[in-house]
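Spelled out from the first residue to the last, the chains are:
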Amino acid sequence: MVCPLMGIVLVGNLEESARKASRWFLEKPPIRNLRDWAISFSLWPVHFTTSCCGAEFAAASCPRFDAERFGFLPFLSPRQTNLLLIEGTLTRKMAEAAKIVYQQMPEPKFVILMGVCALDGGIFHNSYNIVRPHELFPVDVFIPGCPPRPEAVARSIIMLQRKVRNSKYIWGDGHEPKGED
Amino acid sequence: MEQSSLTFRYKELERAWDGEKVYEVFIGPQHPASGHMRFIVRLDGDIIVNVEPDIGYVHRTMEKLAETKEYIKSIPLFERATIIDSNNITLGYVRALEKLLGIEVPPRARYLRTLLSEINRIASHLYGLGLAGIFINHSTMFMWGFGDREIWLQLAEELTGARLTHTYSIPGGVRSDLPQDFKDRALKAIRYMERRLKDYMKIFFNNPVTVARYKDIGILKKEDAKRLGIVGPNLRASGVRYDARLVEDYGAYREIDFEVPVREEGDALSRLLLRIDEIKISMDIIRQVLEKIPDGPILAEKYLRLIPPKLRKTMEETGRVKFPGLFASLRPPPGEATARVEMGHGEVFYHIISDGSPKPYRVRIVTPSFRNLLLLRYLPVGHRFMDFPAIYGSVDYFPPEADR
Amino acid sequence: MSILSSVKRHIDAISTGLKYLFASSRMTVRYPEYSITLRDNYRGMIRYYKDKCISCSLCARICPADAIKMYRKAGEKKMYPGINYQRCIFCGFCVSICPADALEHTPVHDIAWESLEEMIFPPEEFGREWVSPALEEGARRVKAVFDEKRGLTHVPE
Amino acid sequence: MNLREKIEEKLKDIATSIEYPRPDLIVIAVNRDRIMEAAQRIVELGFDHLASVEGVDLPKENAIEVIYHAESYEEELRNTIVELKTRVARDDPKLQSLINVWPNALYLERETWDMLGVVFEGHPELKRLLLPPWWDDIPPLRKDYKVKVEGIIVGTK
């Protein structure tokens, strides 16, 4: 019997082969479903407050709305997180930091844009100092509102969980920030 | 005061440091505190010799955008500077605009503005106290502060229709009347909060762990507070009895008895305790407002006349104000006006210059956090590094407000 | 602080914590299963009634975020408003200024989208009825109640 | 002697004009080389800190007006704001820094430099404050820095 792994593993260098093998392993249906289920309940956003929507983001993870029920726990270091939540306006100066934070996050990683300032600028749409985050990152969910209600934040988490569980994201693809400024 | 004491010996505030022994720690802009701000802290061993706040991460160019928008559109614009305290920050702009337009506000509207301002102040203080708790890793205080804040947000939502961005005060009045059961609900909330504040004292403010972290840290002397032009609770905790509510005639504060709390110590703990005192005073003001609020219109007669009778009828039924079409292009006469309003964080200052067109020629806004920024540079010098979060927490700095 | 008073305060703090451990006052709304009913005056998603609209364009003129635009079909004179939820800040100025009551807030504000294109509503789609996705999925409605002992609680309607 | 008389007596020899546009506002205009002297005299009257420093661009008159708003914590003075203003040339905007007179001008003047390009001589740290450090355009609060303004009408087919 020929191991199905043979064709994948026994080409290229060792590092490459190991990565291929792990991907093959993780994409196999029962494991893949388990993996997606586990990821969907451990969406850890990085504590990266870009603007005033942070007040509602905080309210979402506080007693009344308690987003931790979804396995959604704000975490301090980008190295241990997999979700970047842009909370409101992203200014040009902050965009530099956002890109660095995003690059530091391990895969798989997701982006939620919260508030209209992050979508199309909102009331600041003609300001000279803001950027549109969807031009920098691949975005999964957009939340309208200024600021959105904590329920809307919870809704976005549920939507992202469903997206993850339906295996809609592609592993290791399109995770480099786009654009320069 | 003597001239010499006012001279700002800018370099002397910071200890002279030896280039070789000092190292720099960069905090932020992604940091566990409120975020969106960077500090460049220079340390000699564990002692802070210099802090350089690097702000501008949330600079959204409000002053420029205000010049491109009609007057009324700037109300939601400036509101976004401090959404946790939104009625207070817009009230300053609305007051300055009313001075330019020469409008008198009906008494009921003034009382309603006061009511929402005080609800906002409590919510803003609870936000600040919650953050002050998490800065020293006291997550109970954080959860309590943010949890109890929801009560006041719920009250504000019932009054205005939005959780944070109320856009409530408009030139000549307010946008909606008191809901039927509001008084009853507000009084319940106040009674709950009064009991709850005692538990706050036990679990946080009298807790020896907290006291050890906050007491005698970051002392701001009365003279220095005056010299640096500090505003708000940070100023009053240093013994200066100054509050824009006493200064500017806005809202119903002239008709209400209230004390402005003052503390003498000027350290971080007294700055926090002063906010507790202010919450108590604010609840007292809300009680008085609900007691004394007069009947009558909530929009100035001048604008009420412009609304068609059919709409005026629906206005009375729903309690929500319809705008006259004139609001889309308000034209104040040429001139200038200033206004000061006391926010939760301190005094906000507006200066509007009008040239007679529907858009302002220049709007200047100086927010309390921007003025208190000097504290973050002045207070931590000489302290240990881990006192820095405590000092930052006690100042109640809100970056979007400072950067505008 | 003397040692005695310090010990007393430690005990105070711990006993307060224990008190809330046993007599907890939970205020959490378990969102997708329960949904808070917002009041009628809540400024949520905006609904447009085309039959009432008089094409005065005041809503577009007062919109602070330039979210409402007047859509004019080629060859037609009348214009109708459409909204861009990528920008709407829910200030409600358009609803307040509308002289014909053609715009109305709905108490729905827990919507999120997966793409930006879905968020622009020309006049034809601006009139759609909004339903909270949680209620669609069968959430139970709760309302906020103030309680002197427990602060904010939520009871089913 | 009330405040207005005091101010007039103190400043009549250096002020080009003293106006009272509102009950709570005193506007004093001076020439740009007398600004330090005028500020010192205002401080002697008790207005010991600044509420704001702002610049107003006046392209028609080829000038930038720099306005200082001084206020006081004293009970008898706190109801009034003293506005001290002066004009500097638009192409060479230089002004003496008042940081030694009003210490909290530190960030306020720095912001005015950032936003309008007014150089305050003697200010210890004129560097970018709110704008990104790599900003190389003209200062944004000048009137010739234009931001996009959108119309309200969208044409469709």
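Going by the structure above, here's the rest.
Residues numbered from 1 in each chain as written. Chains lettered and ligands numbered in written order. Predicted model: local features only at pLDDT ≥ 70, side-chain atom pairs only at ≥ 80, totals over all residues. Heavy atoms only, no water.

K.L.:
Go over the sheet that holds strand E6 (residues 335–342) of chain B with me, naming the residues and quoting the values.
P.N.:
All names here are of chain B. Strand order across the open sheet formed by 3 strands is E6-E7-E8, with antiparallel pairing between neighbours. The strands lining the two open edges of the sheet, one partner per strand, are E6 and strand E8 (362–366). Adjacent strand axes in the sheet meet at a mean angle of 10 degrees, parallel and antiparallel pairs treated alike. With 8 bridges connecting them, E6 and strand E7 (residues 347–354) associate as antiparallel partners. Each bridged residue has a counterpart across the sheet, and for Gly335 the counterpart in E7 is Ser354. (Pairing = 2+ DSSP bridges. Helix = DSSP H or I, 4+ residues; strand = E, 2+ residues; numbered from the N terminus. Axes fitted to C-alpha atoms, helices over the stretch in contact; angles between N-to-C directions.)

K.L.:
So what's going on with the interface of chain D and chain B? Which residues, and what values?
P.N.:
Listed per partner, the contact involves 55 residues of chain D and 51 residues of chain B. Of the roughly 4400 Å² buried where chain D meets chain B, counting both sides, 54% is carbon and sulfur surface. On the chain D side of the interface with chain B, the three residues burying the most area are Tyr73(D), Arg78(D) and Tyr107(D), jointly 17% of the side's total. Linking chain D with chain B are 10 salt bridges. Taken together, chain D and chain B are joined by 24 residue pairs in polar contact (both at pLDDT 80 or more). Broken down by secondary-structure element, the contributors of at least two residues to the side of chain D that touches chain B are strand E2 (25–30), helix H2 (35–45), strand E3 (49–58), strand E4 (63–71), strand E5 (81–89) and helix H3 (105–116) of chain D. Among the elements that make up the side of chain D that touches chain B, the one with the highest residue count is E3(D) (10 residues). Class assignment for the residues of the side of chain D that touches chain B results in 29 nonpolar, 10 polar and 16 charged. (Contact = heavy atoms within 4.5 Å. Buried area = accessible area lost by both parts, 1.4 Å probe. Salt bridge = Lys/Arg side-chain N within 4 Å of Asp/Glu carboxyl O. Polar contact = N/O pair within 3.5 Å; in protein donor to acceptor, adjacent residues only side chain to side chain. Nonpolar A, V, L, I, M, F, W, Y, C, P; charged D, E, K, R; others polar.)

K.L.:
Account for the interface of chain A and chain B, with residues named and values stated.
P.N.:
Contact residues are listed per partner, giving 34 residues for chain A and 40 residues for chain B. Carbon and sulfur atoms supply 62% of the area that chain A and chain B bury against each other, a total of about 3000 Å² over both sides. Summed over the shared surface of chain A and chain B, the result is 4 salt bridges. For Arg149(A), the salt bridge goes to Glu157(B), with nearest N and O atoms at 3.1 Å. Among the elements of the structure, helix H4 (54–60) and helix H5 (92–104) of chain A are those that each provide at least two residues to the side of chain A that touches chain B. Residue classes in the side of chain A that touches chain B are distributed as 20 nonpolar, 10 polar and 4 charged.

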